[in-house]
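# A look at the structure
Chain by chain, the residues run as shown.
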Amino acid sequence: MRRKSIPPGRLKTVIVYKDVSIVILTVVLLAIFSLVNSNFLSRANLFVMLKTMPELGIIAIGMTMLIISGEFDLSVGSTFALAPFIMAFLTERIGLPSGLGFAACIAAGVAIGLLNGIITTKIGIPSFITTLGTMMAFRGVVLLLSAGFPEAFQRDRPLARVFTGDIGGFPIQFIWFIGIALVVWIFLENYRFGNWTYVTGGNRSASIAMGIPVDRVKILNFMLVGGLAALAGAIQVFRMGSAYSNAGQGMGLSAIGATVIGGTMLSGGAGTIVGTIMGTIIIFSVENILILSRAPAFWFRFFVGVIVIVAVSAHILIQGKKSNG
């Protein structure tokens, strides 16, 4: 009996639809990991993952917007450390209300993003060089301010519970993560600014010809990722009760990895928030299963590197098939 084949058009639609593809890949990987170690999907382990995952995922959401617009930011790890350190210092040493300290934290992150955006767009220095420089500069600032020592922050403050408490045993920070992702997704897919972001990253010349304020779009996305990096750093401080000068090291590359795994192209003009969420889940799941399996820590970077290469290769092949067919 002859098998009924899937119509080519329908099959192509399934293959090129990135959100569906990455969700399927994520589910398959989670199923495999649960078979490898029965503790992977245990309630306790999932709770730990859902508490810590948003700190990377929130940054990756902002990074997605920035990369779609044709730029990227290596300094988010330094922002992740410096901005919440300012919050802890102002709150615990100066005695400012925690709300004002938190506002200063977010403002510092946005200001760093603004600086990166202005240097990149107005002076014309590539964002790789710009953010590499600010990454080192602001890491130096937080080390000088802290002298290498952590700055304590009281975890029982109401503000901390707003971001790191739980509702019926479910971590609030993960709700914040999904909420932020939803808001950014709505703007990216349904508002003019989202369309401008796609066009700016996809074809700068066409964007200028269409009257799109290219520099403003990029600067705003730099500010977005800076503010989200500051928020993610604050959430870690609320969770741990201290601001550490070495926090966020390697966070920039991990955030870029999550976006790339999720289908965002480093060349700009393409990417999805759903894909970034799945990419974040994949990175954390790989790290978690290695920890549960008691594998050496260096295997984490190896596997993430392999996944990034495979993901980029798959996206390029899919885009090539889409262009030819």
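Everything quoted here is computed from the prediction, not taken from an experiment. (Residues numbered from 1 in each chain as written. Predicted model: local features only at pLDDT ≥ 70, side-chain atom pairs only at ≥ 80, totals over all residues. Heavy atoms only, no water.)

Bringing helix α8 (residues 172-190) into the picture now. Its 19 residues give α8 an end-to-end C-alpha distance of 27 Å, which sits within 8% of 27 Å, the value for a rise of 1.5 Å per residue. When α8 is considered as a whole, its buried residues turn out to be I172, Q173, F174, F177, I180, A181, V184 and L188. (Helix = DSSP H or I, 4+ residues; strand = E, 2+ residues; numbered from the N terminus. Expected span 1.5 Å × (residues − 1). Buried < 20%, exposed > 50% of the residue type's maximum accessible area, 1.4 Å probe, protein only.)

Attention now moves to the nonpolar core. Within the largest apolar cluster, 75 residues are counted, with the highest numbers of intra-cluster contacts made by I58, I59, I61, M87, F102, L231 and F238. With 13 residues, the single largest contributor to this core is helix α3 (residues 43-68). Once you skip the residues sitting within four places of it in the chain, I61 turns out to touch F177, I180, A181, V184, L228, I273 and T276. (Core = buried A, V, L, I, M, F, W, Y, C linked by side-chain atoms within 4.5 Å. Contact = heavy atoms within 4.5 Å.)

Let's shift gears to the side chain of S285. Checked against the element boundaries, S285 lands in helix α13 (residues 273-292). Residue class for S285 comes out buried when judged on its relative accessible area of 2%. A polar contact is formed between the side chain of S285 and the backbone oxygen of I281, at a distance of 2.7 Å. Once residues lying within four places of it in the same chain are set aside, the contact partners of S285 are L30, F33, F40 and M49. (Polar contact = N/O pair within 3.5 Å; in protein donor to acceptor, adjacent residues only side chain to side chain.)

Of note, A147 is a non-glycine position whose phi angle comes to about 55°, a positive value. Turning to its location among the elements, A147 is positioned in the loop between α6 (127-146) and β1 (151-152). Judged by its relative accessible area of 55%, A147 falls in the exposed class.

This part takes up the environment of V306. Positionally, V306 belongs in helix α14 (residues 298-324). Counting along the chain gives 178 residues from V306 to F128, while the straight-line C-alpha distance between them is 22 Å.

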